[in-house]
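Commentary on secondary and tertiary structure
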Amino acid sequence: MGKKPKTPKKRSNSAVKVTPKRRKEEPVLKEQELESTSSSDEEEIITEEMIEELRQKVAERLSSGDEASDDNMEEEGEEEEDDDDVDQEEKSATEEEDNEAAAADEIQEVELSASEEEEEEEDEAPTLVEMQPSDGKYRNKQRCLMIASRGVTSRYRHLLEDLRTLVPHHKKDSKLDVKHGDNGGVGRAVNEIANIKSCNTVVFLECRKRGQDAYLWMGYTSTAAATNPGVNSNGGPSAKFHVSNVHTMDELRMTGNCMKGSRPILTFDDSFDSLDHLKMLKVMFVDVFGTPRGHPKSKPFVDRVMGFYYVDGKIWLRNYQILEEQAANAKEAAEKKQGGLNTQLVEIGPRFVLDPIRIFGGSFGGPTLYQNKDFVSPNVKRAERKRGKGKMYEDRKRAQESRKIRNENIVVPADPLDSVFR
């Protein structure tokens, strides 16, 4: 027998990847077998049985090599599948981590935005201040100058006196007699008097046309600029009103009564919170008619109400007494403690109507901030009334002329029997 051909070693399952050179070794083995067979022919006689055996052995070896290669290929496929599974798991894990990080970022952003909104709401929300009992000290030093012009009638003079009784923090002066064209006019003179008396606000009642028309000026002076940032350095804003439907306390003789110098409760209509010009007038009314706490001439009592109502484009002022029903017996006293008795409002007076004409940026002048387009001057109304009276006179004269012409056109025919009885 010749030399046995080298058999390929079987690789174990623990072997690493099989290189593709495995399949190229098969023809090399065949050549070696052929060489070995040729050399054996020289030495020994080769029978057909031997050839068949060799063929069977080669076939077995080839089949065993194919099985080993298939096993290795399967192992490689499994390893590759395992690697793919690992890669997919790693990718899915990274994707999950990315999604979790993005969700955490979104949650943080939402929480930050919610916290910012809460902080903004807290900033916008008014802070609750604990109410402390009053110490009675005079801190809000408001003074109001109330004067009138020369030539006011008795009705408007009494009205100004009534206003002075309702405003204990007022300052008064003699009647002002200044022409509008004299060195700045009335505005400059009023502001000088207000600065001398250290008044923050001023109420000036002016009469024209021999007391037929009354105008009320109300505004801030330059003294108020030190304490109120909304006031101009030279004074202002100021407002001009036309006063009508005036009824004083002596004229009305109402049953209401209050303590002189008591602090009022100021009530305003809903219009004073919706219209811009009324918002500014509301602040002005509060500074003028609101008695500051602790004023030397004021009383620490609240027993009256001043009402400001906006109707038909005009401001209606009323003054009422807060009248609480008195308990006549023990039963009513017990009901009063439980809040069962009624509280009534009784008018005191005075009453008048203010028709806003114009609001100026300065004190008694300056740029116009608001102008009432519906306001009609009383001069125009008087002129219309006079025109109406003139029209009545013209109609009467025209009727006389037409009657004269009609009488002339009437011709009586001659009577033939008129001369018989003469």
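Every residue gets a number counted from 1 within its own chain, in the order that chain's sequence is written. Where totals are concerned, whole chains, interfaces and linings use all residues; where local detail is concerned, this predicted model gives features only for residues with pLDDT of at least 70, and gives and counts side-chain atom pairs only at 80 or more. Only hydrogens and water are set aside when side-chain values are computed; all heavy atoms of the structure are taken into account.

Moving on, we get to the pattern of salt bridges. We define a salt bridge as a contact between a side-chain nitrogen of Lys or Arg and a carboxyl oxygen of Asp or Glu at a distance within 4 Å. The full count for this structure, using the stated rule, is eight salt bridges. Its salt-bridge partner being arginine 188, residue glutamate 192 comes within 3.3 Å of it at the nearest N-O pair. Pair noted here: glutamate 192 and arginine 188 are both in helix α4 (residues 185-196), with a separation of four residues, about one helical turn. Glutamate 192 gets classed as partly exposed once you look at its relative accessible area, which sits at 42%. Note on exposure labels: buried denotes an accessible area under 20% of the residue type's maximum, exposed denotes more than 50%, and partly exposed covers the range between, all computed with a 1.4 Å probe on protein chains only. The exposure class of arginine 188 is partly exposed, given its relative accessible area of 41%. Here a helix means four or more residues in a row that DSSP labels H or I, a strand means two or more in a row labelled E, and each is numbered from the N terminus.

Bringing the confidence of the model for the protein chain into the picture now. Within a predicted model, pLDDT stands for the predictor's per-residue confidence, ranging from 0 to 100. Summarising the model, the protein chain shows a mean pLDDT of 79, and 74% of its residues fall at 70 or more. Residue contacts are counted whenever heavy atoms from the two residues lie within 4.5 Å of one another. Low pLDDT (under 50) marks residues 8-44, which in the prediction has 24 contacts with non-local residues, meaning those over four places away or in another chain.

Judged by nonpolar contacts, the single largest core of 37 residues is most densely connected at Met218, Phe241, Val243, Phe285, Phe289, Ile315 and Leu354. Setting aside residues up to four positions removed in sequence, valine 243 forms contacts with Leu159, Leu205, Ala214, Tyr215, Leu216, Phe352, Val353 and Leu354. By size, the runner-up hydrophobic cluster in this structure holds 14 residues, among which are Val186, Val202, Phe204 and Phe364. By convention a nonpolar core is built from buried Ala, Val, Leu, Ile, Met, Phe, Trp, Tyr and Cys residues, the set being connected through side-chain atoms within 4.5 Å.

A few words on the side chain of serine 271. Among the structural elements, serine 271 can be located in the loop between β6 (262-268) and α6 (276-289). A relative accessible area of 18% means that serine 271 is categorised as buried.

This brings us to the environment of glycine 366. Mapped onto the fold, glycine 366 is located in strand β11 (residues 365-371). Residue classification places glycine 366 among the exposed residues on the basis of a relative accessible area of 51%. On a C-alpha basis, the gap between glycine 366 and proline 237 in space is 8.7 Å, while along the polypeptide they are 129 residues apart. Glycine 366 has contacts with Phe360 and Gly361, leaving out every residue within four places of it along the chain.

Another aspect to go through is the pairing of strand β10 (residues 351-362). Most of β10 sits inside the fold, with 10 of its 12 residues counted as buried. Strands pair, by our definition, only if DSSP identifies at least two bridges between them. Bridge count for strand β5 (residues 238-247) against β10 is eight bridges, and the pairing is antiparallel. Note on β10: the bridge partner recorded for serine 238 is phenylalanine 360. Relative to β10, strand β8 (residues 314-324) runs antiparallel, the two being bridged by three bridges. In the strand pairing of β10, isoleucine 315 is matched with leucine 354. Here β10 pairs with β11 via four bridges, running antiparallel. Each bridged residue has a counterpart across the sheet, and for phenylalanine 360 the counterpart in β11 is threonine 368. Where β10 folds back onto β11 in an antiparallel hairpin, the turn is made up of two residues, including phenylalanine 364, whose phi is positive at roughly 60°.

Moving on, we get to unusual backbone geometry. Residue proline 237 is bonded to the preceding glycine 236 through a cis peptide linkage, with omega at 5°. Positionally, proline 237 belongs in the loop between β4 (213-220) and β5. A cis amide bond links glycine 349 to the next residue, proline 350, at an omega of 0°. Position of proline 350 among the secondary structure elements: in the loop between β9 (343-347) and β10.

Relative to β8, strand β7 (residues 299-311) is paired through eight bridges, and the arrangement is antiparallel. For valine 305, the partnering residue across the bridge sits in β8 and is tyrosine 320. With five bridges connecting them, β8 and β9 associate as antiparallel partners. Bridge pairing in β9 links glutamine 321 to valine 346.

Let's shift gears to a positive patch on the surface. A cluster of basic residues, Lys171, Lys172, Lys260, Lys297 and Lys299, forms a positive patch at the surface. Within the element layout of this structure, lysine 260 appears in the loop between α5 (249-252) and β6. Each patch is built from salt-bridge-free residues with over 30% relative accessible area, joining like charges within 9 Å and nonpolar side chains (Val, Leu, Ile, Met, Phe, Trp, Tyr) within 5 Å. Here the Shrake-Rupley method, with its probe set to 1.4 Å, supplies the accessible areas, and only the displayed protein chains count as covering residues. Asp and Glu are treated as the negative residues and Lys and Arg as the positive ones, with His and the ends of the chain left uncounted. Working definition for charges: the position is that of NZ of Lys, CZ of Arg, CG of Asp or CD of Glu.

Next up on the list: the packing of aromatic side chains. Two rings belonging to Phe, Tyr or Trp (six-membered ring only in the last case) form a pair when the distance between their centres is within 6.5 Å. Interplanar angles under 30 degrees mark stacking, angles over 60 mark edge-to-face geometry, and anything in between is tilted. All told, the structure shown has nine aromatic pairs when counted by the stated rule. The interplanar angle of 15° and the centroid separation of 5.9 Å between the aromatic rings of tryptophan 217 and phenylalanine 360 together place this pair among those described as stacked. One end of the pair, tryptophan 217, is in strand β4; the other, phenylalanine 360, is in strand β10, and 143 residues separate them in sequence. Of the aromatic side chains, those joined through ring pairs into one cluster are Phe241, Phe268, Phe272, Phe285, Phe289 and Phe308. Put simply, a charge is over a ring when the Lys NZ or the Arg CZ is close to the ring centre, within 6 Å, and near the line of the ring normal, within 35 degrees. Here arginine 208 stacks its cationic end above the ring of tyrosine 215, 5.3 Å away from the centre of that ring. The ring of tyrosine 215 is capped by lysine 240, whose NZ or CZ atom sits 4.9 Å from the centre of that ring.

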